[in-house]
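Report on the structure
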Amino acid sequence: MEVSSQGISKHSTANAAISPTHKNKPARRSFGLDKIVLILVMLYLLVPLGATLVFSLNNGKNFGLSSFQRIISDADFATTFPFSIELAVATTILMVILITPTAYWIQLRLPQARPIMDFLTLVPFGVPAIVMAFGLIEVYGSPNALVSVLSLGLVPLLSNQLNVVNTPPLMVCAYVIIALPFTYRPIDNNLRAINTSVLSEAAYSLGCGWWRTFLTVILPNIWPGIISAALLTFATVMGEFTVASLFSIYTFPIYLNVTGQNDAHKAAALTILSFTITLICVLGIILLIRFRPGGAGKDSQIEIGTAK
Amino acid sequence: MAFLELENIAKYFGRNAAVEHIDLSVERSEFLTLLGPSGCGKTTILRMIAGFETPSEGNILLDDENITNRAASKRPMGMVFQSYALFPHMTAEQNIAFGISIQHKPKDFIKHRCAELLELVGLSDKGSSFPHQLSGGQQQRIALARALAVEPKVLLLDEPLSALDAKVRVSLRNEIRRVQQQLKMTAIYVTHDQEEALAISDRIAVMAKGHIEQLDQPEEIYSNPRTVFAASFVGSSNQFQGVLESAGEGLCQADDYLLHVSPQQELKDGEQVLVLTRPEEMSIGPTTEEEAYSGNSSGNHITGIIELRTFLGPFTRFHVRVNKNMILTADIPSQQARDYFVAQHVTLSFPPDACQVLPLDSNESNLVKQIESKTV
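What counts and what doesn't
Every chain's residues receive numbers from 1 upward, in the order its sequence appears when written. Going through the entries in the order they are written, you letter the chains from A and number the ligands from 1. The predicted nature of this model means local features are confined to residues of pLDDT at least 70 and side-chain atom pairs, given and counted, to a pLDDT of 80 or more, with totals for whole chains, interfaces and linings taken over all residues. The way it works is that DSSP assigns letters per residue, a run of H or I at least four long becomes a helix, a run of E at least two long becomes a strand, and they are numbered from the N terminus. Partly exposed residues are those whose C-beta has more than 12 but fewer than 20 other C-beta atoms within 10 Å; 20 or more makes a residue buried and 12 or fewer makes it exposed, with C-beta atoms placed from the backbone. Each residue is represented by a C-beta atom placed from its backbone, and any two residues with such atoms within 7 Å are regarded as in contact. For this classification, the nonpolar set comprises Ala, Val, Leu, Ile, Met, Phe, Trp, Tyr, Cys and Pro, the charged set comprises Asp, Glu, Lys and Arg, and every other residue, Gly included, is treated as polar. The domain boundaries here were taken from an automatic or database domain assignment. Definition of nonpolar core: a set of buried Ala, Val, Leu, Ile, Met, Phe, Trp, Tyr and Cys residues joined via C-beta atoms within 7 Å. For two strands to pair, DSSP has to find at least two bridges joining them. Throughout, an axis means a line fitted to C-alpha atoms (over the contacting stretch in the case of helices), and angles, computed between N-to-C directions, take values from 0 to 180 degrees. How sure the predictor is of each residue is captured by pLDDT, a score from 0 to 100. Should an angle fall under 35 degrees it is taken as roughly parallel, and over 145 as roughly antiparallel, whereas 65 to 115 is taken as roughly perpendicular and any remaining angle as oblique.

A few words now on the overall build of chain A. Across its full length, chain A carries 18 helices and 0 strands. For chain A, buried positions account for 33% of its 308 residues.

In terms of regular secondary structure, chain B is built from 10 helices and 20 strands. Judged by the C-alpha coordinates and their principal axes, chain B covers about 80 × 45 × 35 Å. Out of the 376 residues in chain B, the part that is buried amounts to 45%. Restricting to contacts in chain B with at least 6 residues of sequence separation, those with at least 24 account for 64%.

What follows concerns the interface of chain B and chain A. Between chain B and chain A, the contact holds 19 residues from the first and 17 residues from the second. Among the secondary structure elements, those contributing two or more residues to the side of chain B that touches chain A are strand E6 (77-80) and helix H2 (92-102) of chain B. For the side of chain B that touches chain A, the per-class residue count stands at 13 nonpolar, 6 polar and no charged.

All right, on to the domain arrangement of chain B then. Domain boundaries assigned for chain B yield domain 1 (4-223), domain 2 (236-277 + 352-376) and domain 3 (283-349). Taking only C-alpha atoms into account, the centre of domain 1 of chain B sits 37 Å from that of domain 2 of chain B.

Right, let's get into the nonpolar core. If you look at the biggest cluster of nonpolar residues, it comprises 160 residues, and the most contacted ones within it are B:Leu156, B:Ile188 and B:Val275. Top element by residues in this core is helix H14 (residues 223-239) of chain A. It accounts for 9 residues. Apart from residues lying up to four places away in sequence, B:Val275 is in contact with B:Phe240, B:Gly242, B:Cys252, B:Ala254, B:Leu259, B:Val261, B:Cys355 and B:Val357.

So, about the sheet that holds strand E3 (residues 31-35) of chain B. Residue and element names in this part refer to chain B. Spatial ordering of the open sheet is given by E6-E7-E8-E3-E9-E10, a layout of 6 strands whose pairing is mixed. Since the sheet does not close on itself, it has two edges, and those belong to E6 and strand E10 (211-216), each with one partner. Across the sheet, the axes of successive neighbouring strands diverge by a mean angle of 20 degrees, strand direction being ignored. Where E3 and strand E8 (residues 186-191) come together, 5 bridges link them in parallel fashion. Counted as the bridge partner of Leu-34 is Val-190 from E8. Across the sheet, helix H4 (residues 136-149) touches E6 and strand E7 (154-158), and the angle it forms with E6 is around 170 degrees.

Before going further, it helps to spend a moment on helix H12 (residues 196-205) of chain A. Residues and elements named next belong to chain A. Among the 10 residues that make up H12, 8 are buried, leaving the element largely enclosed by the rest of the structure. Taken together, the buried positions of H12 are occupied by Thr-196, Leu-199, Ser-200, Glu-201, Ala-202, Ala-203, Tyr-204 and Ser-205. Once H12 finishes, Gly-207 follows within two positions and takes phi at roughly 95 degrees, a positive value.

Moving on to the pairing of strand E14 (residues 272-277) of chain B. All names here are of chain B. Of all 6 residues in E14, 5 are buried, a share of seventy percent or more. The pairing of E14 with strand E20 (residues 356-359) spans 4 bridges and is classified as antiparallel. Of the residues in E20, the one forming a bridge with Leu-276 is Gln-356.

This part covers the sheet that holds strand E1 (residues 4-13) of chain B. Residue and element names in this part refer to chain B. Reading across from one edge, E2-E1-E4-E5 is the order of the 4 strands in this open sheet, with antiparallel pairing throughout. Bordering the open sheet on either side are strand E2 (16-26) and strand E5 (65-66), each of which pairs with just one other strand. Two elements, E1 and strand E4 (residues 57-62), share 5 bridges in a ladder whose sense is antiparallel. Paired with Leu-6 across the two strands is Ile-60, which belongs to E4.

Pairing of strand E9 (residues 203-208) of chain B with E10(B) involves 5 bridges; the strand directions are antiparallel. Bridge pairing links B:Val206 to B:Gln214 in E10(B).

What follows covers the environment of A:Ser56. Residue and element names in this part refer to chain A. Within the element layout of this structure, Ser-56 appears in helix H3 (residues 33-57). Residues Ser-56 and Pro-82, spaced 26 residues apart in sequence, show a C-alpha to C-alpha distance of 22 Å. Apart from residues lying up to four places away in sequence, Ser-56 is in contact with Ser-67, His-265, Ala-268, Ala-269 and Ile-272.

A low pLDDT means the predicted coordinates there should not be read in detail. Chain-level pLDDT for chain B is 89 on average; 93% of the residues reach the 70-or-more range. In the model output, the complex is listed with pTM 0.78 alongside ipTM 0.83.

Structurally, the position occupied by B:Phe130 is in the loop between helix H3 (107-120) and H4. Sequence separation between B:Phe130 and B:Pro88 is 42 residues; the distance between their C-alpha atoms is 6.9 Å.

With that settled, the discussion passes to unusual backbone geometry. Residues and elements named next belong to chain B. Located in the positive-phi region is His-21, a residue other than glycine, with phi close to 40 degrees. Positionally, His-21 belongs in strand E2. On the basis of neighbour count, His-21 is assigned to the partly exposed category, with 13 C-beta atoms found within 10 Å. You will see that Lys-184, though not glycine, has its phi angle at about 50 degrees, which is positive. Note that Lys-184 resides in the loop between helix H5 (166-183) and E8. Lys-184 sits in the exposed class, given 9 other C-beta atoms within 10 Å.

Residue and element names in this part refer to chain A. At a minimum axis distance of 9 Å, the contact between helix H7 (residues 129-141) and helix H9 (residues 154-161) shows a crossing angle of 85 degrees. With respect to H9, the axis of H7 lies roughly perpendicular. Here Val-139, Tyr-140 and Gly-141 of H7 lie close against H9, whose contacting residues are Val-155, Leu-158 and Ser-159. Classifying every residue of the contact of H7 with H9 gives 4 nonpolar, 2 polar and no charged.

Okay, the environment of B:Met90 next. Residues and elements named next belong to chain B. Note that Met-90 resides in the loop between E6 and H2. Look at Met-90 and you get buried, because 21 C-beta atoms sit within 10 Å. Once the C-alpha coordinates of Met-90 and Thr-329 are considered, the two residues, 239 residues apart in sequence, prove to be 50 Å apart. Not counting residues within four places of it along the chain, the set of residues in contact with Met-90 comprises Asn-95 and Phe-98.

As structure tokens, then:
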């Protein structure tokens, strides 16, 4: 599943407002490099997508929706797609619940811990998913004495009693780590942008406690960051292949891979389908932020691309 | 016992002392200003009163109750911030209602109170506007209304006008004072702007390096500063460093000038002193070129050349070079200033009782230099 990597901001409307003044300049000079570059970029993005669409509609002999019909009637699609969505939703919820209060707390009370958090959130970029998957299987699959001691008995408890190895709950935990950079940064950037400490102090001085301040003052003002984070986490999980493959859990990306090896037209149709679903999600969220009361979303940027 | 008492308050950040052993009493309905340059500890004091910082030492008592360790949200304080700190996702009315709604008051009461406060700050028609739709001045009025909504015992204002432009600053400052007097609210106001402090306060605490230099009424602070810092920080002044020749006669040798000052009872002959005169105490008169070059300055008549003439509306400010190292400032009513121009030779005069004489120790002479270099 792909997500457009462009930040969407108010600048587009600002440019539109400014453009009439450019008309005063000689028109021929302004139709130049900028428009050519724009067209080239659009082609670069749209040609593969268009080609995939054409390929998905072509079953080798004639054009039609047969590939899409085959997907819908496929039992594997009916099981893996909702399952991956469940995994993605679980990861997103866990992530937002874990990271948002943490980022707020760091911003407010532990600014000196920020470099550590910055480093921690970069680690998943540096360590490939395959290393983490092997690590998890190794640690939880056959815990040794040292790991037991270091984890204060948690690893043996999880692996022996709760039997977490190769289960969706452990995979969700792994996904949280993989998606950490995409979540922490947009939320942290948003918290920095809204002058968190002063807003919090204003709320305290009005008799509001910590949690209530977080829920009623801070959270509504960092929605764009949380939405970005949730979207990126969701997309990451929907497209994650390595961990699922090594855990031997049949998810949507694995289904996509298997399909691609057997039926290329069907795989193309799947790509178009997942792209369309993502596009609808993104557009829906953007509209939601832009037109909510207060219109604060108009001033905020959804940082989809920055983390990636 | 005063309404709000700070007893021996100190605050250390690591090894640095932000505030050192301060005692401060604020009476009910009083408007007290903490005035000082940045880093003098004034905001730290305000934040300790608000509960955002915990004092390293000492106690804070409000209405005979020790509130030193009470959480900020449990203190009966209203705070107005420099950056307004309005909640961006709420309308002006919702912002004002925020504090009261936490107290679980009935809806009708909240609505009535919001309308009342919007009227008090003159923004009855802006209740449904969001902060980004309001100007800086309007936002700060809403912030003031929001702080007053919870009926605080003390209103704390942390440089509330610093982010506003000059005209709005003056009108809002008058507004704050009017509201404070109308509601008989106890207020503590932090600013680095001496004009603001003089205009608005019942009393001013002039602060430097974590302690209070002088705590007095504005008139006293201006006309009778007790320390060199207070004299230098509040208002501008011409300064002469010298030795007191005769305390009884009021004679002081400063640079090449023998200055006549009023008799000094508390100072001894031969003591190092700083003599200050306010620019508006100076009068200006013509002089001949010969007199000017001869350096023939007697008593409190000092000759020099006008280097800069700045028209400031009701008065005109002259910078007069009286010798190689010294420029004196004189504020002359603009009607009298018409005859004087740049490069003209003039005599500046000032009466003995316009001179403030302060003892000067070596630390303070350094301080004076620092302040001078900052103000220049």
